[in-house]
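Here is what each chain is made of, one letter per residue.
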Number of protein chains: 2
Amino acid sequence: MQRVVYLDHAATTPVHPKALEAMLPFFSESYGNPSSIYAIAREARKALDGARESVAGILGCKPNEVIFTSGGTESDNTAIKGVAFAAKSGGNHIITSSTEHHAVLHTCQFMEKFGFEVTYLPVDRFGMVDPADVERAITDKTVLVTIMTANNEVGTINPIADIAKVIKNKNKHIVFHTDAVQAAGSVDIAVDHLGVDMLSLSAHKFYGPKGIGVLYVRRATPFLPQQQGGGQERNRRAGTESVATIVGMAKALEIAATGREEYNRHCQRLRDRLIESILSRIERSYLNGHPTQRLANNANLSFEYVEGESILLNLDMLGIACSSGSACTSASLEPSHVLMAMGVPVEIAHGSLRLTVGSKTTDEDVDYVLSHLPGIIQKLRAMSPLAEVR
Amino acid sequence: MQRVVYLDHAATTPVHPKALEAMLPFFSESYGNPSSIYAIAREARKALDGARESVAGILGCKPNEVIFTSGGTESDNTAIKGVAFAAKSGGNHIITSSTEHHAVLHTCQFMEKFGFEVTYLPVDRFGMVDPADVERAITDKTVLVTIMTANNEVGTINPIADIAKVIKNKNKHIVFHTDAVQAAGSVDIAVDHLGVDMLSLSAHKFYGPKGIGVLYVRRATPFLPQQQGGGQERNRRAGTESVATIVGMAKALEIAATGREEYNRHCQRLRDRLIESILSRIERSYLNGHPTQRLANNANLSFEYVEGESILLNLDMLGIACSSGSACTSASLEPSHVLMAMGVPVEIAHGSLRLTVGSKTTDEDVDYVLSHLPGIIQKLRAMSPLAEVR
């Protein structure tokens, strides 16, 4: 059997065995609807309450500030729409950054249909948002700022706590949301440390199941629920709770929070081996994103005169799984909007490769990549008309 | 250990063992993000495509008309908002019925905030919508009609195909959506037989997992996507696909479709034993819903001068799990909006009990209920001041 080296943990992660184990009883045994009142439903309700308390403990918030959603995209949509529609009488201005995930960017664009004006802040060449830019963008119509904790493509970590300070100093009624989907598991996401009013999580990014997420909503935040129906989630998100995956998510988050330092140490060492070896062994290769303020598991590099897609296909044939950017846009042939916003030239942006290591990644996996990647780049450049011209 | 008799299959069902088995590989083995392009992601993509084809086969539609959602509530919300916002330039009138699930009713009320006018049609004393009422309610501003296939509380099956005919005869551009959440598994949901343009399903009602559902959208239906982000589901529902639960849902639906006749025969026999025995053994008891046009597994009865909640608590102590109406509203003390719309007097509506049998329900389960229920009703009536007055 071919060796498989999975280096796309930013796209998704396998469910942790303990998280899967925690989920299993809630499919066919304790399957009750938590809104019902009899014994088998109370088991489900108890598990749901326990999961909520566990998540709240890690976020450092109250359990009733945790809303379970169907994932990071729903959380981002609900945060933006929920605040914007609720606060519309107070203003119609939203501030975000140009390197957000499409779940934020496209939702902001959606709000423009409803009379909202959106400022898309620039980032520096490392992909970082400057708190001073946020401050300057705030007007008396601003109701919401949404800036991601860490970028999903290049791994750059934004100064969220500093951004929170400038927002709240200017006007404490402006709601501050952060998409922490890619950051969770690696970065401290305690909401008071970050200073945010709302925060989005997606379980499958931290070894939990797909299709489940969290939206933290600080008490007293203006919020119009976006999914109408039954009274679940204290009337803020209707729909029968997905008990099993919620339990799995809470367990995965607990494991991630407990083991965060060790996980980061492990990932960072492998990440740095990848980055340093590639930069030194392959000429005209560049690191994308911030050199130090970056996620411990993210190595995003560009290779001049080479198409990222071609690298991926060659690596896939060797059993190496990675991506050229976001999994959510991998069908697109456009260069990454993140690299474009960072001012990376198109010919370099097109040759980007994202390698994201994980808890099971080994030195042998890194060796395997390093033994093949330089040859692949060399081969592709030999075939590239652009490289020849130069 | 106490005997457990689960008679609340309308609230939720256990995941079928074969559905669970089908799901398991996609948590920790074939865990790839289906949007990615390498081998482990292609396994997930293949499973996702297979599930979509399977669901489409049962609905009798094309695979690209199937959108996977996080459940029935999201499907209903997305159908109503998606059509209403897309068709707004053509009209602002929505028609629904007064006995819909809150996922439809509350979404319609939400749309009233956005300038829509909603007609809530009456039902007859059996809870059925009259196609002639639909026809009369249509105006030149009507863009959407949403009528449930079968009622979740009383089990009444609406004449959906007849309603479709009157709508399309009047104006073929009016979109017809049906919430088939409670009907699936028991009723033919082939979209061309029903004549609908949109249809909602929720997996956990037909022995699939919670947190996953389907929205069928007929080709060329006006539709504004309601969850923005990546390009998943052909740009109609962003968010990483919940591969495992989608696979589980498809398997459960396939099992339900294949075994539908046998399932209905089994359920109907037990349901009729419950209904006939209760009506004959307990005086001043009434059947709610239609006597024949009702879901095979639904027995909804009322007992004059008795609180439904009190019956539930007494049954729960005996290990019998059932409900007084919808699980989604079980925390509410209001009488059922469905029974109210049917014209059931408040004092009878308050004493309602919904017993919904399932594939594993046995004659012994029915005997157990029948051996205890008359005594419980008698005891509760002896304590009721209302009963005494009479």
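Residues numbered from 1 in each chain as written. Chains lettered and ligands numbered in written order. Predicted model: local features only at pLDDT ≥ 70, side-chain atom pairs only at ≥ 80, totals over all residues. Heavy atoms only, no water.

**A closer look at the relation of the copies chain B and chain A**
Between chain B and chain A, which share one sequence, the superposing operator has a rotation angle of 180° and an axial displacement of 0.0 Å; the RMSD is 0.0 Å. Both copies are brought into coincidence by an operation consistent with a two-fold rotation axis. Among all residues of chain B, the minimum C-alpha distance to the rotation axis is found for B:Ser70, at 3.0 Å. Comparing interface residues between copies, 100% of those in chain B also sit at the interface in chain A, which points to an isologous, same-surface contact. (Least-squares fit on C-alpha atoms with pLDDT ≥ 70 in both. Contact = heavy atoms within 4.5 Å.)

**A look at the packing of helix α11 (residues 260-281) of chain A against helix α15 (residues 363-383) of chain A**
Residues and elements named next belong to chain A. Contact pair α11 / α15: the axes reach a minimum separation of 10 Å and the direction vectors enclose 15°. In terms of axis orientation, α11 runs roughly parallel to α15. Every pair of crossing elements has a handedness; the one defined by α11 and α15 is right-handed. Taking contact as the criterion, the partners of Arg-269, Leu-270, Arg-273, Leu-274, Ser-277, Ile-278 and Arg-281 in α11 are, on α15, Asp-363, Val-366, Asp-367, Val-369, Leu-370 and Leu-373. Taken together, the residues that form the contact of α11 with α15 break down as seven nonpolar, one polar and five charged. (Axes fitted to C-alpha atoms, helices over the stretch in contact; angles between N-to-C directions. Helix = DSSP H or I, 4+ residues; strand = E, 2+ residues; numbered from the N terminus. Parallel < 35°, antiparallel > 145°, perpendicular 65-115°, else oblique. Left-handed = near helix turned anticlockwise from the far one by under 90°. Nonpolar A, V, L, I, M, F, W, Y, C, P; charged D, E, K, R; others polar.)

**Points about the packing of aromatic side chains**
In this structure the tally under the stated criterion is 16 aromatic pairs over all chains. Centre to centre, the rings of A:Tyr6 and B:Tyr31 are 4.9 Å apart; their planes meet at 85°, and the pair counts as edge-to-face. On the criterion of chain membership, the pair formed by A:Tyr6 in strand β1 (residues 5-6) and B:Tyr31 in the loop between α2 (25-28) and α3 (39-59) is interchain, its members lying in two chains. Here A:Tyr6 matches B:Tyr31 in class, with each residue buried. Through successive ring pairs, a cluster of aromatic residues spans A:Phe85, A:Phe110, A:Phe114, A:Phe116, B:Phe85, B:Phe110, B:Phe114 and B:Phe116. When the ring centre of A:Tyr368 is taken as origin, the NZ or CZ atom of A:Arg3, which lies over that ring, is 5.0 Å away. (Phe/Tyr/Trp six-rings, centres within 6.5 Å; stacked < 30°, edge-to-face > 60°. Buried < 20%, exposed > 50% of the residue type's maximum accessible area, 1.4 Å probe, protein only. Lys NZ or Arg CZ within 6 Å of the ring centre and 35° of its normal.)

**Quick notes on the packing of helix α4 (residues 72-87) of chain B against helix α5 (residues 102-112) of chain B**
Residues and elements named next belong to chain B. In the contact formed by α4 and α5, the axes pass within 9 Å of each other and the chain directions differ by 30°. Here α5 runs roughly parallel to α4, going by the angle between their axes. Read as a crossing pair, α4 and α5 show a hand that is right-handed. Here Thr-73, Asp-76, Asn-77, Ile-80, Lys-81, Ala-84 and Phe-85 of α4 come into contact with α5, specifically with Ala-103, Val-104, Thr-107, Cys-108, Phe-110 and Met-111. Of the residues in the contact of α4 with α5, the class split is eight nonpolar, three polar and two charged.

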